[in-house]
Amino acid sequence: MNRIALFVGVAVSTFVIGVWAARGFPTRSPFTSPAKPMAATVDATFGNDKTEQVPERRTQEAINDPDNAKRNPLRMEALQAATGYALSPCNASMKANFVAATTAYAAGYAWRDKCNPMFGNCEAVLERANVMYSSPLDQRVRAALNEAFEKGGISKDDFPPKLQMEVMTLASSQGNPVSACTRPTERPRR
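This write-up is about the structure you can find in this document. The structure presented is a predicted model; accordingly, all values stated were derived computationally and were not measured.

Here we take up the overall build of the protein. Summing up its helical and strand segments, the protein has seven helices and two strands in all. Split into buried and exposed, the 190 residues of the protein put 27% on the buried side. Nonlocal contacts in the protein, meaning residues at least 24 apart in sequence, comprise 65% of its contacts between residues at least 6 apart. When the accessible area of the protein is evaluated, it comes to approximately 14,300 Å², of which 59% is carbon and sulfur surface.

Right under this line is the structure:
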């Protein structure tokens, strides 16, 4: 009889431990009530923050700026010249048109002229220049400039020293002075 009680006790203990393990070894008693969720102490909502509206407002102001419409011909000329150079990088007149149009386009972005480090306004001037040159058309121009620079044959040395940094920033590339049109030296025959 003692053996039967021992076997039944071991079997019941094994069953209870198995059920406990299957539930992830909980430590609270099944007879107590579960913990209630805590109430939020901060009233925060996403998407209603006023700081998120600042870039949108600045972009809208840049689009509505009267000088913005004056830059559209420069944008279109730069876009056309960059596309033309990307399609025909070996044509010298395409390169000349590209350099002239990009120089004119970058002249408006020349934020360093308006920056005075003594007054600490450089960050605000750069931010304004970036906003003014961030319209959808500007994005297309920048992509076309990058594509043209990646073709080769154009580098910062082709532009006036005063605008070289602005051109490289707008193109997101430093370019490559070696053109794809240059003929490589012939390989020696064996």
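This paragraph deals with the side chain of threonine 102. You can see threonine 102 is positioned in helix 4 (residues 92-107). Residue threonine 102 is classed as buried on the basis of its relative accessible area of 1%. With sequence-adjacent residues up to four places away left out, threonine 102 is seen in contact with Leu145, Phe159 and Val167.

Here we come to the nonpolar core. Ranked by internal contacts, the top residues of the largest apolar core, which has 28 residues, are Phe98, Leu145, Phe149 and Phe159. Those elements that provide at least two residues to this core are helix 3 (66-87), helix 4, helix 5 (122-132), helix 6 (136-151) and helix 7 (164-171). The residues touching leucine 145, leaving out its near neighbours within four places in the chain, are Ala82, Phe98, Thr102, Tyr105, Leu170 and Ala171.

Attention now goes to unusual backbone geometry. Within the chain, serine 172 stands out as a residue other than glycine whose phi angle is a positive 55 degrees. With respect to the secondary-structure elements, serine 172 resides in the loop between helix 7 and strand 2 (175-179). Among the residues examined, serine 172 registers a relative accessible area of 56% and is labelled exposed.

Summed over all chains, the structure comprises two salt bridges. For aspartate 138, the salt bridge is made with arginine 75, and the minimal N-O distance between the two is 2.8 Å. Linking aspartate 138 in helix 6 with arginine 75 in helix 3, this pair joins segments that are 63 residues apart in sequence. Taking the relative accessible area as the measure of exposure, aspartate 138 reaches 0% and is therefore buried. Judged by its relative accessible area of 1%, arginine 75 is buried. Lysine 95 serves as the salt-bridge partner of aspartate 158, at 3.8 Å between the closest nitrogen and oxygen. On the criterion of sequence distance, the pair formed by aspartate 158 in the loop between strand 1 (152-155) and helix 7 and lysine 95 in helix 4 is long-range, its members being 63 residues apart.

About the criteria used
Residues numbered from 1 in each chain as written. Predicted model: local features only at pLDDT ≥ 70, side-chain atom pairs only at ≥ 80, totals over all residues. Heavy atoms only, no water. Helix = DSSP H or I, 4+ residues; strand = E, 2+ residues; numbered from the N terminus. Buried < 20%, exposed > 50% of the residue type's maximum accessible area, 1.4 Å probe, protein only. Contact = heavy atoms within 4.5 Å. Areas by Shrake-Rupley, 256 points an atom, 1.4 Å probe, with all protein chains shown as cover. Core = buried A, V, L, I, M, F, W, Y, C linked by side-chain atoms within 4.5 Å. Salt bridge = Lys/Arg side-chain N within 4 Å of Asp/Glu carboxyl O.

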